[in-house]
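Now for the letters of each chain:
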Amino acid sequence: MVVGWKLFIWPRVVVQFIGHAVLRRGDNLVCVTPDTADEQRVLFVEDPSIEFDAVNPNARLPSFFHAIDQHPDVSDFIRVEQQIHAIKAKFPARSGPLLLRGADAEQLQQLQVQQVRLIRGITLRMCKPNERCVCNSGRKFRKCCHAAMTRAQRAEVQ
């Protein structure tokens, strides 16, 4: 087992470092953890200083964000992501959906609404009209998701 950081990069906005473990098979590193996005390849940086308690079934590897853009919405996005992570960390680590009830469920739902609003606002501010759309359709942003995001943002203000 090799531990390190799995990186998710939101270009010009933020980098998320997620503690991650992979297996070394010969000269290759192989990720055996299922990913919700079903990615075949991940950006991984080995870091032997990370410790993981493989005996504890509730152990989790660390994670953190590095803001690239200094806009307050990016700081708010990171704060919301950290709060979501803190709620989920209260429950046993396992794969599959997490079923929450009560105050944790209500707080998580409110945070997810904030998360969507922040992602939309950051995307509208950062994505240029002629860039490829963030949904990976291959179309230009202005001809794809821009109008729907703008309508949703206007509806929130009213």
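Everything below is about the structure printed above this text.
A short tour of the structure in this document, coming up. Note that the structure is a prediction, hence the values are computed from the model and not measured. (Residues numbered from 1 in each chain as written. Predicted model: local features only at pLDDT ≥ 70, side-chain atom pairs only at ≥ 80, totals over all residues. Heavy atoms only, no water.)

So, the packing of helix 1 (residues 72–88) against helix 2 (residues 102–126)
Two elements in contact, helix 1 and helix 2, have axes whose closest approach is 9 Å; the angle formed by their N-to-C orientations is 150 degrees. Taken as axis vectors, helix 1 and helix 2 run roughly antiparallel relative to one another. For the crossing formed where helix 1 meets helix 2, the hand is left-handed. Residues Asp 73, Val 74, Asp 76, Phe 77, Arg 79, Val 80, Glu 81, Gln 83, Ile 84, Ile 87 and Lys 88 of helix 1 pack against Asp 104, Gln 107, Leu 108, Leu 111, Gln 112, Gln 114, Gln 115, Leu 118, Ile 119, Ile 122 and Arg 125 of helix 2. (Axes fitted to C-alpha atoms, helices over the stretch in contact; angles between N-to-C directions. Helix = DSSP H or I, 4+ residues; strand = E, 2+ residues; numbered from the N terminus. Parallel < 35°, antiparallel > 145°, perpendicular 65-115°, else oblique. Left-handed = near helix turned anticlockwise from the far one by under 90°. Contact = heavy atoms within 4.5 Å.)

Quick word on the environment of Ile 122
Secondary-structure assignment places Ile 122 in helix 2. Take Ile 122: its relative accessible area is 0%, and that puts it in the buried class. When the C-alpha atoms of Ile 122 and Ile 68 are compared, they prove to be 12 Å apart, with 54 residues separating the residues in sequence. Not counting chain neighbours up to four residues away, the residues in contact with Ile 122 comprise Trp 10, Val 13, Asp 73, Val 74 and Phe 77. (Buried < 20%, exposed > 50% of the residue type's maximum accessible area, 1.4 Å probe, protein only.)

What about the side chain of Asp 104?
With respect to the helices and strands, the residue Asp 104 is situated in helix 2. For Asp 104, a relative accessible area of 16% corresponds to the buried category.

Things to note about unusual backbone geometry
Of note in the backbone geometry, Arg 12 takes a positive phi value of approximately 70 degrees without being a glycine. You can see Arg 12 is positioned in the loop between strand 1 (2–10) and strand 2 (14–25). Judged by its relative accessible area of 38%, Arg 12 falls in the partly exposed class.

Some words on the packing of helix 2 against helix 3 (residues 146–157)
Running from amino to carboxyl end, helix 2 crosses helix 3 at an angle of 125 degrees, the nearest separation of the two axes being 10 Å. Taken together, the axes of helix 2 and helix 3 are oblique relative to one another. Between helix 2 and helix 3 the crossing geometry is left-handed. Within the contact between the two elements, helix 2 uses Arg 117, Arg 120, Gly 121, Thr 123 and Leu 124 and helix 3 uses His 146, Met 149, Thr 150, Ala 152, Gln 153 and Glu 156. Looking at the contact of helix 2 with helix 3, its residues break down into 3 nonpolar, 5 polar and 3 charged. (Nonpolar A, V, L, I, M, F, W, Y, C, P; charged D, E, K, R; others polar.)

By themselves, these are just geometric observations and shouldn't be taken as functional.
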